[in-house]
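One-letter residues, chain by chain:
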Amino acid sequence: MTKYVIEGGTPLNGTVTISGAKNAAVAILPATLLVNGTCRIENVPNISDVRLLLRILESMGAEIRRLSPNTIEICCRNVRESEASDALVRKIRASYYLIGAQLGRFGHAKVALPGGCNFGPRPIDQHVKGFEAIGAEVEQLEGYVCARAGEGGLTGGRVNLDVVSVGATINIMIGATLAEGTTVIENAAKEPHIVDVANFLNSMGAKISGAGTDVIKIRGVKALRGGMYTIIPDQIEAGTYMAAAVAVGGDVLVQNVIPKHMDTISAKLREMGAKVTEYDDAIHVQRAGMLRRANVKTLPYPGFPTDMQPQIAVCMALASGVSTIRESIYETRFGYCAELDRMGAMIKVESKMATITGVDQLHGCTVHACDLRAGAAMVIAGLAADGTTVIEEAEFIERGYEDLISKLQGLGASIKRIETSGSEKAG
Ligand code: EPU
């Protein structure tokens, strides 16, 4: 069990450097199964979700060398057709990418159904629809997804997604990379990490075009060769530090970001009264006066990301007037609101909408990190609050934020980590 203890009330000042994108890394690592050679991947975030995926790949026979905290060399040439360890796979949502990667590499896959944060039902029917469209038969049996290519292998094909799904878009792209024919994904998701996975595969020899638009075309190739790739900066980690600077107050330079990826978040924080200045690869966030109310509706990229919903809620909890958040991606993602209320926030949740009446001050108390981004919101709230905040189950936060404690300490925050018992947990 991991706890964070925060003494709040100190403005954040200084520079923070953003790590590589979690949701790109957790797709690129399984995708290395397709590569006949060694991949050297830079800017890999050293977070528990990534460490878990590396353990899964290693247990399958991948040879992995960590050249530095954020550079990994991985060679999957000797990976056997064996299944990945169920116990590990069930701990992490992104293990669903092993289905596309095994199917592409071996023509068949058997993977335990993935776990992940609990935001209500998280089906994988669109992944299945895509695999079937490219020539596989897929069954879900006793907690496993089993996929098998038809006699002549994967043929490629056309799939129109019924919902815009990040996971399905990437998984189909991975599955189709080594197929015989051409695959077209319509109504594809457009998140920056989708472009990053396509760029990684293309740099190893794939032929993928259109990533970042809603139609992606994958011309199957015979093989991928090894090479080097650098993962993009994490949009949500950057947004979290920006929201922290706004909620707590202060003057923070968030560096190693792609400002274009931050447009919707920057615009919302400006609307709320922050000064946000963009540079080539950095964003400067300043907040002096009172924050203004705002409305947010979460949407697929380039809309406001659902993964920034809890963090912006803390800004709203401290803004003047009544703000609203409408969640349109997940059934339930407001579990953290009860924890914020315990700190003095005034939030009413009805179905997929939260109505937040701003208060002058939050107060430290013991709260619980319900999931990764909810935990990040608790950290921001604790930094903004008066007194001491203790965040329990903080291991959730370490699934997705590299060196959060030292990065915040570097901005002047008083935050420490206490390990009470047990081992590393991944969600
Ligand atoms: N959906 C379906 N069927 C499917 C797939 C998705 O109905 O086959 C629905 C989902 O239930 C949801 C919506 O489509 O309502 C969007 O889900 P999506 O597939 O885009 O999400 P995901 O792939 O499961 C990834 C990120 C999440 C992030 C979402 C949305 C990874 C490993 N996870 O999840 O990241 O919230 O996209 O952007 O990439 C996080 O980092 O904290 C996190 C939860």
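Residues numbered from 1 in each chain as written. Predicted model: local features only at pLDDT ≥ 70, side-chain atom pairs only at ≥ 80, totals over all residues. Heavy atoms only, no water.

### Here we look at the overall build of the chain
Here is step 1: Summing up its helical and strand segments, the chain has 13 helices and 23 strands in all.
Here is step 2: Here the chain has a C-alpha radius of gyration of 21 Å; the compact-globule value for 427 residues is 22 Å, and the two agree.
Here is step 3: Viewed in the frame of its principal axes, the chain has a C-alpha envelope of about 65 × 45 × 40 Å.
Here is step 4: The buried share of the chain, taken over its 427 residues, is 58%.
Here is step 5: As presented, the chain carries roughly 15,800 Å² of accessible surface, and 48% of it is formed by carbon and sulfur atoms.
Here is step 6: Charge centroids of the chain, computed over 43 positive and 46 negative side chains, lie 3 Å from each other. (Helix = DSSP H or I, 4+ residues; strand = E, 2+ residues; numbered from the N terminus. Rg over C-alpha atoms; globule rule 2.2 N^0.38 Å. Buried < 20%, exposed > 50% of the residue type's maximum accessible area, 1.4 Å probe, protein only. Areas by Shrake-Rupley, 256 points an atom, 1.4 Å probe, with all protein chains shown as cover. Lys, Arg positive; Asp, Glu negative; His and termini not counted. Charge placed at Lys NZ, Arg CZ, Asp CG, Glu CD.)

### What to know about the sheet that holds strand 22 (residues 388–392)
Here is step 1: Spatial strand order, 21-22-1-23: four strands in an open sheet with mixed pairing. Lying at the two open borders of the sheet, with one neighbouring strand each, are strand 21 (366–368) and strand 23 (414–419). Going from strand to strand, the sheet's axes swing by 20° on average, the running direction of each strand aside.
Here is step 2: Pairing geometry for strand 21 and strand 22, over three bridges, is parallel. Bridging from a neighbouring strand, Val367 pairs with Ile391 of strand 22.
Here is step 3: Relative to the sheet, helix 12 (residues 372–384) contacts strand 1 (2–7), strand 21, strand 22 and strand 23, its axis offset from that of strand 1 by approximately 30°. (Pairing = 2+ DSSP bridges. Axes fitted to C-alpha atoms, helices over the stretch in contact; angles between N-to-C directions. Contact = heavy atoms within 4.5 Å.)

### Structural notes on helix 12
Here is step 1: With 13 residues, helix 12 extends 19 Å from end C-alpha to end C-alpha; this agrees with the ideal 18 Å at 1.5 Å per step.
Here is step 2: The buried count for helix 12 comes to 13 of 13 residues, which makes it a mostly enclosed element.
Here is step 3: Capping the start of helix 12, Asp371 holds a side-chain oxygen 3.1 Å from the backbone nitrogen of Arg373, two or three residues further along. (Expected span 1.5 Å × (residues − 1). Polar contact = N/O pair within 3.5 Å; in protein donor to acceptor, adjacent residues only side chain to side chain.)

### Considering the nonpolar core
Here is step 1: Judged by nonpolar contacts, the single largest core of 81 residues is most densely connected at Ile41, Ile56, Leu98, Ile99, Phe200 and Leu201.
Here is step 2: The element contributing the most residues to this core is helix 1 (residues 22–31), with seven residues.
Here is step 3: When neighbours within four sequence positions are excluded, Ile99 is seen to be in contact with Ala109, Val111, Ile124, Phe131, Val145, Ala147 and Asn171.
Here is step 4: Ala244, Leu318, Ala374 and Ile380 belong to the second-largest nonpolar core, a separate cluster that totals 74 residues. (Core = buried A, V, L, I, M, F, W, Y, C linked by side-chain atoms within 4.5 Å.)

### A few points about the packing of aromatic side chains
Here is step 1: Going through the model one piece at a time under the given rule, you end up with two aromatic pairs.
Here is step 2: Measuring from centroid to centroid gives 4.6 Å for Tyr96 and Tyr97, while their planes differ by 80°, and the two rings are edge-to-face.
Here is step 3: In this structure Tyr96 comes out as buried when scored by relative accessible area, which is 10%.
Here is step 4: Note on Phe200 and Tyr229: the rings are 5.8 Å apart at their centroids and 75° apart in plane angle, and the pair reads as edge-to-face. Of the two residues, Phe200 sits in helix 7 (residues 192–203) while Tyr229 sits in strand 13 (residues 224–230), which places them 29 residues apart along the sequence. In this structure, Phe200 and Tyr229 share a single accessibility class: buried.
Here is step 5: Directly above the aromatic system of Tyr144 lies the positively charged group of Arg90, at a separation of 5.5 Å from the ring centroid. (Phe/Tyr/Trp six-rings, centres within 6.5 Å; stacked < 30°, edge-to-face > 60°. Lys NZ or Arg CZ within 6 Å of the ring centre and 35° of its normal.)

### What about the domain arrangement of the chain?
Here is step 1: Domain boundaries in the chain define domain 1 (2–19 + 233–426) and domain 2 (22–230).
Here is step 2: Taking the mean C-alpha position of each, domain 1 and domain 2 sit 30 Å from one another.
Here is step 3: Taken together, the 24 residues of domain 1 in the interface contact 23 residues of domain 2.
Here is step 4: Across the interface of domain 1 and domain 2, roughly 2,000 Å² is buried in total on both sides, 52% from carbon and sulfur atoms.
Here is step 5: Remark: the boundary between domain 1 and domain 2 carries one salt bridge.
Here is step 6: A salt bridge links Asp49 to Arg399; the shortest N-O distance between them is 2.9 Å. (Domains from an automatic or database assignment. Buried area = accessible area lost by both parts, 1.4 Å probe. Salt bridge = Lys/Arg side-chain N within 4 Å of Asp/Glu carboxyl O.)

### Remarks on the pattern of salt bridges
Here is step 1: Evaluated as defined, the whole model comprises 15 salt bridges.
Here is step 2: A salt bridge links Lys407 to Glu237, with the shortest nitrogen-to-oxygen separation between them at 2.7 Å. Separated by 170 residues along the polypeptide, Lys407 in helix 13 (residues 404–410) and Glu237 in helix 8 (residues 235–248) bring together distant segments of the chain.
Here is step 3: By relative accessible area, Glu237 is classed as buried at 2%.
Here is step 4: The partner of Lys268 in a salt bridge is Glu271, and the shortest N-O contact between them spans 3.1 Å.

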